[in-house]
Amino acid sequence: MSGALVAGVLAGYGIAVPVGAVSAYLVSLSARTGLRTGACAALGVATADGAYALAAVAGGAALTPVVEGVRTPLRWASVAVLLVLAAHTALGALRRRGDPGGAGPDAPAGTRAYLGLLGITLLNPMTVVYFTALVLGDTRTVTGAAQRVVFALAAFAASASWQLLLAGGGALLGRGLTGPRGRLVTACASSVLITGLAVRLAVTG
């Protein structure tokens, strides 16, 4: 059981720590809307990671050809969503640049932030391939039903801890940049980064 726990934690951090477009958007969202909304969004990302970890240990190698079959359309859907997010972030910041009150009325509520980041993260089916490769590579660690559940929960917890750390950093950044100009710069920088990552995803696959 402890082996499945350790494997899940390492797998969760392995998929969560590399900085990508979702991480950039999470930090920017927390900076603009506060820790509560950012934390909800962070848990949305972690839920998707945990769900894919559970799917990997439950389906194993049978999932890989299915995922490969839809990889290309989902990749382009992910690129489109990231570009929309980048545009929405920049345009929203430009609309609110004269508002000294901060985030403005169109800041996403917690539930909406959770569902939004959950959906964005689920668009990356290669996460399930990642978890499947780990599980198949060490068949002795995750064997029975209990070990599968422990692995998935540990992966969720590890991902959640990292995503919440990013959300907290974003909230601190937003607190330091309380003025309209600071928020505008942060949002535009995030939009540029997300756009660049989306273009890279489109080009490299």
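Calculation criteria
- Residues numbered from 1 in each chain as written.
- Predicted model: local features only at pLDDT ≥ 70, side-chain atom pairs only at ≥ 80, totals over all residues.
- Heavy atoms only, no water.
- Helix = DSSP H or I, 4+ residues; strand = E, 2+ residues; numbered from the N terminus.
- Buried < 20%, exposed > 50% of the residue type's maximum accessible area, 1.4 Å probe, protein only.
- Contact = heavy atoms within 4.5 Å.
- Areas by Shrake-Rupley, 256 points an atom, 1.4 Å probe, with all protein chains shown as cover.
- Axes fitted to C-alpha atoms, helices over the stretch in contact; angles between N-to-C directions.
- Left-handed = near helix turned anticlockwise from the far one by under 90°.
- Nonpolar A, V, L, I, M, F, W, Y, C, P; charged D, E, K, R; others polar.
- Core = buried A, V, L, I, M, F, W, Y, C linked by side-chain atoms within 4.5 Å.
- Parallel < 35°, antiparallel > 145°, perpendicular 65-115°, else oblique.
- pLDDT = per-residue confidence, 0-100.
- Expected span 1.5 Å × (residues − 1).
- Arc of directions from axis to C-beta.

Trainee: For this particular structure, what's the right way to read the overall build of the protein?
Mentor: For the protein, the helix and strand inventory stands at 9 helices and 0 strands. Sequence-ordered secondary structure for the protein, helices as α and strands as β, is α-α-α-α-α-α-α-α-α. Among the 205 residues that make up the protein, the fraction classed as buried is 40%. Nonlocal contacts in the protein, meaning residues at least 24 apart in sequence, comprise 88% of its contacts between residues at least 6 apart. Per element, the accessible surface of the protein, about 9800 Å² overall, is 71% carbon and sulfur.

Trainee: Any chance you could explain the packing of helix α3 (residues 35–59) against helix α6 (residues 110–122) here in plain terms?
Mentor: At a minimum axis separation of 7 Å, α3 and α6 run at an interaxial angle of 35°. Crossing handedness for the pair α3 and α6: right-handed. Listed contacts from α6 to T37, C40, A41, L43, G44, V45, T47, A48, D49 and Y52 of α3 are G110, A113, Y114, L117, L118, T121 and L122. The residue makeup of the contact of α3 with α6, split by class, is 11 nonpolar, 5 polar and 1 charged.

Trainee: Is there a simple way to explain the nonpolar core in this structure?
Mentor: Burial of nonpolar side chains together is a common tendency in soluble globular proteins. Judged by nonpolar contacts, the single largest core of 19 residues is most densely connected at Y25, L26, L29, A41, L82, L117 and I194. Taken together, the elements giving at least two residues each to this core come down to α2 (21–33), α3, α5 (71–95), α6, α8 (145–176) and α9 (180–204). If one sorts the elements of this core by residue count, α2 sits on top with 5 residues. Those residues in contact with L117, other than ones at most four positions away along the chain, are V22, Y25, L29, A41, G44 and V45.

Trainee: I'm lost on the packing of α2 against α6 in this one. Help?
Mentor: Interhelical geometry of α2 versus α6 gives an angle of 165° and a closest axis separation of 11 Å. Considering their axes alone, α2 and α6 lie roughly antiparallel with respect to each other. The way α2 lies across α6 gives a crossing that is right-handed. When α2 is examined against α6, the residues V22, Y25 and L29 are found in contact with a partner set consisting of A113, L117, I120 and T121. Its residues placed into classes, the contact of α2 with α6 shows 6 nonpolar, 1 polar and no charged.

Trainee: Sorry, what's going on with the confidence of the model for the protein here?
Mentor: Reading fine detail from the predicted coordinates is not recommended where pLDDT is low. Per-residue confidence for the protein gives a mean pLDDT of 77; residues scoring 70 or more make up 71%. Across residues 100–107, where pLDDT falls below 50, the model places 13 contacts with residues more than four positions away in sequence or in other chains.

Trainee: When you look at α2 in this model, what are you seeing that I'm missing?
Mentor: Because each turn of an α-helix spans 3.6 residues, side chains separated by three or four positions end up pointing in the same direction. The end-to-end C-alpha distance of α2 is 18 Å, a good match for the 18 Å that 13 residues give at a rise of 1.5 Å each. When we look at burial in α2, the residues that qualify are A21, S23, A24, Y25, L26, S28, L29, S30, A31 and R32. Looking at the residues trailing α2, positive phi occurs at G34, about 110°.

Trainee: How should the environment of L54 be read in this particular structure?
Mentor: By the secondary structure assignment, L54 is in helix α3. Placed 95 residues apart in sequence, L54 and V149 show a C-alpha to C-alpha distance of 7.0 Å. In this structure, L54 is in contact with R148 and A152, ignoring residues within four places of it in sequence.

Trainee: For this particular structure, what's the right way to read helix α1 (residues 2–16)?
Mentor: With 15 residues, α1 should cover 21 Å at 1.5 Å per step; its first-to-last C-alpha distance of 21 Å lies within 8% of that length. For α1, every residue scored as buried is listed here: A4, G8, A11, G12 and A16. End-on view of α1: buried residues confined to an arc of 120°, all on one side of the axis. Exposed side chains of α1 directed beyond 90 degrees from the buried face belong to S2 and L10.

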